[in-house]
Every structure is written in structure tokens, then in C-alpha cells.
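# What the coordinates show
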Amino acid sequence: MRIDLHTHTVCSDGTQSPAELVAEAAERGIDVLGLTDHDTTAGWEEALAAAERHGLRLVPGIEISTTRAGAGYHLLGYGQDPADPALVAELERARSSRRGRAQAIVQRVGRDFPVSWADVLAQTPAGATIGRPHIADALVAKGCFPHRDAAFETVLHTGSPYYVRHYAPDVGDAVELVLAAGGVPVLAHPRAARQCNRFGPQLLAELVDRGLVGLEVDHPEHDVHQRRELRGLAAGHGLIMTGASDYHGAGKTTRLGAELTAPRQWRRLAALLTAGDGR
Ligand code: AMP
Ligand code: FE
Ligand code: FE
Ligand code: ZN
């Protein structure tokens, strides 16, 4: 069984349509695919239909950008009711804030680089959750950088003078929102270097207390030491340990299926996917 529970499409900052992503997953022999676009469930319907055609199990999910004390955390939610009013309202608020924030970043970057809001819109598929990757794509299209990664390292990283934050719910509140919507909350890549978070045993204990169910342990941005640490923390709380590629199509170098979830861990998660739309 090949289980990859964290991927992106053009509905956020990936480069493939949901149907294209599912087709590639089928080609690569993935049996269970989690679709987790940033702050949106817009790709679910197309992905579920494609998964049915290809005979693979699609786990509809989301990756919610959240905060705590100025730091950022990504929360995965699986199988929640996509129409849950409280969750929908928070996601709409976040996506609308992301738009103004992207304009603010472009205004700052535009002082030093030849990039305009129109250039960024040209790189943003209709309806997509807009983020820094689309600004990066515009900078690449303008010839300022060779690829997304270089644009991030130079101008778009969180410590950059061009950086502007957007509205995001508190990480603990987000755990409760996902649960209340019938979903399964899993904390994404807690040790990813780019994220500037302050993840540790104390925050984890609070999140578990509020209903966190799993921890993403095997992730391209985690080294062996971090994986060992996270395994220990997850085991200490009886959490499900997931593994996933965080695939972004051509937007990042990681390939689909590069990291996987163990079948035993997947079965634990699957048993919880009963509410909402989590088939
Ligand atoms: P945002 O949601 O606007 O804050 O942008 C964060 C997103 O940018 C993350 O979800 C990543 O997918 C992407 N990202 C962050 N760092 C890099 C990088 N160095 N290269 C490519 N994509 C990145
Ligand atoms: Fe992303
Ligand atoms: Fe993430
Ligand atoms: Zn992701």
C-alpha cells in the first residue's frame, strides 16, 4: 500500500488540476491520496470523481494556515464537512485576507523588482487560494529568479522586509474547528525549517488536549533527528503518525509519493474518517 496524505493542486499553490494530480497518483501506484490545498476545499469534487475513475482512495482534506503568538503552524484536516458554517467562515476570512496581503507584498516587492499585481494575477489560477508562491511565479516569469525557491530565499521568506502576514486562526482554535466539522486534525510538518514556528512539547500537549489526532512525522523538510523526536512525541500521546510528500507539482522539487504513511497508521486514520464527506 502506498499512502501519500498531503498534496496540492492549482486550487492553492500546486501546478496540476485535481484530476491531473489524481491521474499522476494512479500512474505512480499510489493507493491512498490525501488532497490538502491551502485554506480551500475547492478541489474535492473534481478529485473525488477522478479517484473513482482511477480506482484509488481519495481522502479529501485541507491544510489550514494558523498562528500562535506571531508564529505560523499548518494544520491538516481530513474528511470534514466542507459546508460546515464556522469552518467556511474562517476559511473565507483567511482567503480574503490573503488577497489584500498579497497585494501589500507585491507593492513592497514592486519597489525593487519589475513585478506588478497584474503579473501576479496572471500566475494565479481562477479561484485559487493566493499565496507567496504565485508572487514567486510572477517574479520567475519576469526573469528576476530562476525558480520559486530562489524567489523565496531572496525576497519572499518570512524574515524579509517585503513580508506581510495575513489573517489566520489560532492553531488550537483550528483543531477544534476541524473536529467540530467532523474532520480529523493532524499537525503538518511541525519541524519544517521554513515555517518559523515554536513547536514543542507544551504546545503539543495543549493541542492534544483540544483534540489533535495526528502528527506529520515523515516530511521532506524533516531530517532523521527531527523524525525521531517527532516519533517520540507522537508515541507519548498515542497520536497517529503520518508521512507525506507535500507535493506541489512543478512548484517544488519533491515528487509525489516521496514520503509515505505506514499502512497501520493509515488504518487508524481511516477508522476516524466517518463524519462529513470523508468516504
Ligand atoms: P503563504 O501561504 O503565502 O504564506 O506561502 C507559503 C507557501 O509557500 C507554502 O505552503 C509553501 O508551499 C510555499 N513555499 C515556502 N517556501 C518555499 C520555497 N522555498 N520554495 C517553494 N515554495 C515555497
Ligand atoms: Fe504550499
Ligand atoms: Fe505546509
Ligand atoms: Zn502543504
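Refer to the structure above for everything that follows.
My aim in this report is to walk through the structure given alongside it, one point at a time. Here the structure is a predicted model, which is why all the values come from computation and not from measurement.

Quick notes on the rules
- Residues numbered from 1 in each chain as written.
- Chains lettered and ligands numbered in written order.
- Predicted model: local features only at pLDDT ≥ 70, side-chain atom pairs only at ≥ 80, totals over all residues.
- Heavy atoms only, no water.
- Helix = DSSP H or I, 4+ residues; strand = E, 2+ residues; numbered from the N terminus.
- Rg over C-alpha atoms; globule rule 2.2 N^0.38 Å.
- Lys, Arg positive; Asp, Glu negative; His and termini not counted.
- Charge placed at Lys NZ, Arg CZ, Asp CG, Glu CD.
- Donors = N, O, S within 2.8 Å, 3.2 Å for Na, K, Ca; no water.
- Buried < 20%, exposed > 50% of the residue type's maximum accessible area, 1.4 Å probe, protein only.

What follows covers the overall build of the protein chain. Helix and strand counts for the protein chain come out as 10 helices and seven strands. Against the 2.2 N^0.38 benchmark of 19 Å for 279 residues, the protein chain shows a C-alpha radius of gyration of 18 Å, consistent with a compact globule. If one aligns the C-alpha atoms of the protein chain with their principal axes, the spans along those axes are about 50 × 45 × 40 Å. Positive and negative side-chain charges of the protein chain, numbering 29 and 34 respectively, have mean locations separated by a distance of 4 Å.

Below, the discussion takes up the coordination of the zinc ion (ligand 4). For a metal bound by four donors in a tetrahedral arrangement, the ideal donor-metal-donor angle is 109.5 degrees, while six donors in an octahedral arrangement ideally sit at 90 or 180 degrees. Within the first shell, the zinc ion (ligand 4) binds the protein through H6 (NE2), H8 (NE2), E63 (OE) and D246 (OD), at distances of 2.0 to 2.3 Å. Separating the zinc ion (ligand 4) from the iron ion (ligand 2) is a gap of 4.5 Å. Placement of the pair is E63 in strand β3 (residues 57-68) and D246 in the loop between β7 (240-243) and α10 (263-272), with a sequence separation of 183 residues. There is no split in this pair, since E63 and D246 are both buried.

Distances from the iron ion (ligand 2) to its protein donors, D13 (OD), H38 (NE2) and H248 (NE2), fall at 2.1 to 2.2 Å. Between the iron ion (ligand 2) and the iron ion (ligand 3), the interatomic distance is 5.5 Å. Separated by 25 residues along the polypeptide, D13 in the loop between β1 (3-4) and α1 (18-27) and H38 in the loop between β2 (32-35) and α2 (44-54) bring together distant segments of the chain. The same class applies to D13 as to H38, namely buried.

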